[in-house]
Amino acid sequence: MPRDSLLPTETVIAVDAVPIRFGIGATLELGYELNRLGIRRALLVTDRNLRQFGFVDRVEQVIRDAGVELEIYDAVHVEPTDRSLNDAIAFARRVQPEAFISLGGGSTIDTAKAMNLFSTHPGELMDYINKPIGQGKPVPGPLKPHIALPTTAGTGSETTAVIVLDLLQQKVKTGISHRYIRPSLAIIDPLNTLSCPPMVTACAGFDVLCHAIESYTAKPYHVRPAVTNPAERPAYIGSNPVADLWSAQAIRWGAQYLRRAVYNPLDVEARSYMLLASTFAGIGFGNAGVHIPHAMAYPVAGMVRDYFPPDYNVDEPIVPHGLSVIINAPAAFRFTAPAWPERHAEVAAMLGINTAGMPVRAAAEAVADYIQQLMQDLGIPNGLEALGYSERDIEGLVDGTLKQQRLLVNSPRPVDGKALEQIFRNALRYW
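Now for a quick tour of the structure.

The rules we used
- Residues numbered from 1 in each chain as written.
- Predicted model: local features only at pLDDT ≥ 70, side-chain atom pairs only at ≥ 80, totals over all residues.
- Heavy atoms only, no water.
- Helix = DSSP H or I, 4+ residues; strand = E, 2+ residues; numbered from the N terminus.
- Rg over C-alpha atoms; globule rule 2.2 N^0.38 Å.
- Buried < 20%, exposed > 50% of the residue type's maximum accessible area, 1.4 Å probe, protein only.
- Areas by Shrake-Rupley, 256 points an atom, 1.4 Å probe, with all protein chains shown as cover.
- Expected span 1.5 Å × (residues − 1).
- Core = buried A, V, L, I, M, F, W, Y, C linked by side-chain atoms within 4.5 Å.
- Contact = heavy atoms within 4.5 Å.
- Phe/Tyr/Trp six-rings, centres within 6.5 Å; stacked < 30°, edge-to-face > 60°.
- Lys NZ or Arg CZ within 6 Å of the ring centre and 35° of its normal.
- Axes fitted to C-alpha atoms, helices over the stretch in contact; angles between N-to-C directions.
- Parallel < 35°, antiparallel > 145°, perpendicular 65-115°, else oblique.
- Nonpolar A, V, L, I, M, F, W, Y, C, P; charged D, E, K, R; others polar.

This part covers the overall build of the protein. Helix and strand counts for the protein come out as 16 helices and 8 strands. By the compact-globule yardstick of 22 Å for 431 residues, the protein fits well, its C-alpha radius of gyration being 20 Å. Overall, the C-alpha framework of the protein stretches about 60 × 55 × 40 Å when taken along its three principal axes. Burial analysis of the protein (431 residues in total) assigns 61% to the buried set. Surface summary for the protein: the accessible area is close to 16,400 Å², and the carbon and sulfur share equals 53%.

In structure tokens, the structure reads:
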């Protein structure tokens, strides 16, 4: 049937999912999976900081015991940049492994995705970086097998079709998105997160909540313009009944277990459910997409001058991704709540807020209040001012956010430069 005989808006929900192996000790099944896939020569991508906890040695032994030849790349940069990714890509192009194994947080998994993409297909970063910053070319074909082993509960990168990076010269964070970028398999072992320090756990956990809340409140898929060619359908299609199931459960678990995971690092139950929440949120937002808080986060991270976060072993200023997202979230959700109060009120109930008897609008606005209180409880800095930003930076932050149109189109409430100015102003200080 011709496309023009159907509705002018989207009618199809496209669901892509990564196979998952979840559970305590799941790392030990990595060798089996490599043999099942027929892999004989692999590249392990990791963070050298993990060596002190024995994770790298343990995974290396599992791989070698499976009879797989192994190369290791451990120069992953926390919050990848165009420079760090180009270095990693050059390494992968020289080695040309049959498969990639990533052990680490979102930075490591995203670095492995980029190494896989650019060692499989020709091109440069700007060829695939999303428009309007890059050319936004589609990935021309499938990639090599990539098995992801997350060591943080936050980004959900083990399930998503996105690579996030900083462009150093432009001072902006951006991304590459395409369904071929998703890992082939995720092995999710709660024991791999036990060494994650409190602030890293908090920032990653807030990323989980934002992923899930943004995808649940994203503009619905069926009000977006229809695509004429299925190949042109974006990875982020808007909220839909399939993604909603994953996002809703991620919200519930995040609200229930994040505090425990931060305050009690050896609470294996809390670590397990935060990893599940991260994975579920990754499946939800990897299909539905995120919107204003994540769009605002990119310039907040890209324009950092002198902020050094606690518990992050870095030698240069950074705003960790989860922190750059949550710092804007209360102001952003206050802005979106009036556009879809019923959906925001549902989120409030998922967070554990007693909304019985509340007017819908009040329940919707309670989401921002909840997040703000949780930020205080877990030691998150008090707004953008605490990260070194001021009113003078708002124009640049707005300009950087407006470049993230693939995210902003997902907002349930239309947002322009003037609206973003006010949201950033409201995010400067909360209490």
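There is more to say after this.
If you check helix α8 (residues 268-288), its first and last C-alpha atoms are 30 Å apart, about what 21 residues at 1.5 Å a residue would give, namely 30 Å. Among the 21 residues that make up α8, 18 are buried, leaving the element largely enclosed by the rest of the structure. Just downstream of α8, Gly-289 is the residue with a positive phi angle, here 100°.

Here we take up the nonpolar core. Among the nonpolar cores identified, the biggest contains 88 residues, and Ile-380 and Leu-384 are the most heavily contacted of them. No other element matches the 11 residues that helix α6 (residues 198-217) contributes to this core. In this structure Leu-384 touches Val-300, Ile-327, Asn-328, Tyr-389, Leu-397, Phe-424, Ala-427 and Leu-428, once residues within four positions along its chain are discounted. Among the nonpolar cores identified, the runner-up in size contains 22 residues, and Leu-30, Val-59, Ala-99 and Ile-147 belong to it.

Looking now at the packing of aromatic side chains. Across all of its chains, the model carries 8 aromatic pairs by this definition. In textbook terms, an aromatic cluster arises when at least three aromatic residues are bridged by ring pairs, as seen for Trp-246, Trp-253, Tyr-257, Tyr-273 and Phe-280. Its guanidinium or amino end placed over the ring of Tyr-216, Arg-343 lies 4.0 Å from that ring's centre, counting from NZ or CZ. Lying across the ring of Phe-335, Arg-413 places its NZ or CZ 4.0 Å from the centre.

Bringing the packing of helix α11 (residues 329-336) against helix α13 (residues 360-377) into the picture now. Close contact between α11 and α13 brings their axes to 8 Å; oriented N to C, the two are set at 175°. The orientation of α11 relative to α13 falls into the category roughly antiparallel. Where α11 abuts α13, its residues Ala-329, Pro-330, Phe-333 and Arg-334 lie against Glu-365, Ala-368, Asp-369, Ile-371, Gln-372 and Met-375. Looking at side-chain class alone, the contact of α11 with α13 contains 6 nonpolar, 1 polar and 3 charged residues.

These results come straight from atomic positions and should not be treated as a statement about function.
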